[in-house]
Amino acid sequence: MMDFLYTVGMNPTPDVLHGKLRLLRLHKEETFTWGELAHVWSLLLRDAANEDRILERAFAFFDKDGNGEIDVAELRTTMSELGDLLTEEEIMSFVSIMDVDNDGVIGYQEFLTTLRSEVPKFCCVAGTTR
């Protein structure tokens, strides 16, 4: 099943795949029909669509002026509104990771690409464990 999912562009973790199989009561099966594969694939696609909507809303939350970019001032404002979750050093570290093209702002594509490829780095931005 993993080979099929990888071929169609899905790369679920074993835990995610096992959860979907349990949901469909297929977790004890050795082989799968095309219909069963399609059901698992459909669930994973739905999760991906939900993730895209969540990321769009998250970006919009930070993009205070709605211009399609997040600048340092918008990030500071958002962090302040949330109770100063990041220090100035952490904000600058966050921007340096997210601003792939180094133009001083984080565009939506940079936001998506970086979050999908750099998540482990964010767990310890600037050496913290927040």
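Residues numbered from 1 in each chain as written. Predicted model: local features only at pLDDT ≥ 70, side-chain atom pairs only at ≥ 80, totals over all residues. Heavy atoms only, no water.

Asks: What exactly am I supposed to notice about the overall build of the chain here?
Replies: The number of helices and strands found in the chain is 6 helices and 2 strands. Listed N to C, the secondary structure of the chain is α-α-α-β-α-α-β-α in terms of helices and strands. Of all 130 residues assigned to the chain, the portion counted as buried reaches 29%. For the chain, long-range pairs separated by at least 24 residues make up 44% of all intrachain contacts whose partners lie at least 6 apart in sequence. Working note: accessible area of the chain is about 8500 Å², and carbon and sulfur atoms make up 56% of it. (Helix = DSSP H or I, 4+ residues; strand = E, 2+ residues; numbered from the N terminus. Buried < 20%, exposed > 50% of the residue type's maximum accessible area, 1.4 Å probe, protein only. Contact = heavy atoms within 4.5 Å. Areas by Shrake-Rupley, 256 points an atom, 1.4 Å probe, with all protein chains shown as cover.)

Asks: Help me understand helix α3 (residues 34–62), please; the structure alone is not making it clear to me.
Replies: Residue pairs spaced three or four apart in an α-helix point in one direction, given the helix's 3.6 residues per turn. Helix length check: α3, at 29 residues, gives a terminal C-alpha distance of 42 Å against a target of 42 Å (1.5 Å per residue), a fit within 8%. Among the residues of α3, those classed as buried are Leu-37, Val-40, Leu-43, Leu-44, Leu-55, Phe-59 and Phe-62. (Expected span 1.5 Å × (residues − 1).)

Asks: I tried to follow the side chain of Lys-20 on my own but got confused; where do I start?
Replies: When you line up the elements, Lys-20 lands in helix α2 (residues 14–23). Given the relative accessible area of 14%, Lys-20 is considered buried. With residues up to four places along the chain from it excluded, the contact list for Lys-20 reads Val-40, Leu-43, Leu-44 and Asp-47.

Asks: Just checking my understanding: could you explain the packing of aromatic side chains for this structure?
Replies: For any two aromatic rings, the description comes down to two numbers: the centre-to-centre distance and the angle of the planes. Scanning the entire structure with this criterion turns up 3 aromatic pairs. A centroid spacing of 5.2 Å and a plane angle of 80° characterise the contact between Phe-59 and Tyr-108, whose relative ring orientation is edge-to-face. Here Tyr-108 lies in helix α6 (residues 108–122) and Phe-59 lies in helix α3, a separation of 49 residues in the sequence. Looking at Tyr-108, the relative accessible area reads 24%, which means it is partly exposed. When the centroid spacing of 5.2 Å and the interplanar angle of 70° are considered together, the rings of Phe-59 and Phe-111 count as edge-to-face. You can see Phe-59 sitting in helix α3 and its partner Phe-111 sitting in helix α6, a full 52 residues away along the chain. This pair shows no difference in class: Phe-59 is buried, exactly as Phe-111 is. One aromatic cluster in this structure is built from Phe-59, Tyr-108 and Phe-111. (Phe/Tyr/Trp six-rings, centres within 6.5 Å; stacked < 30°, edge-to-face > 60°.)

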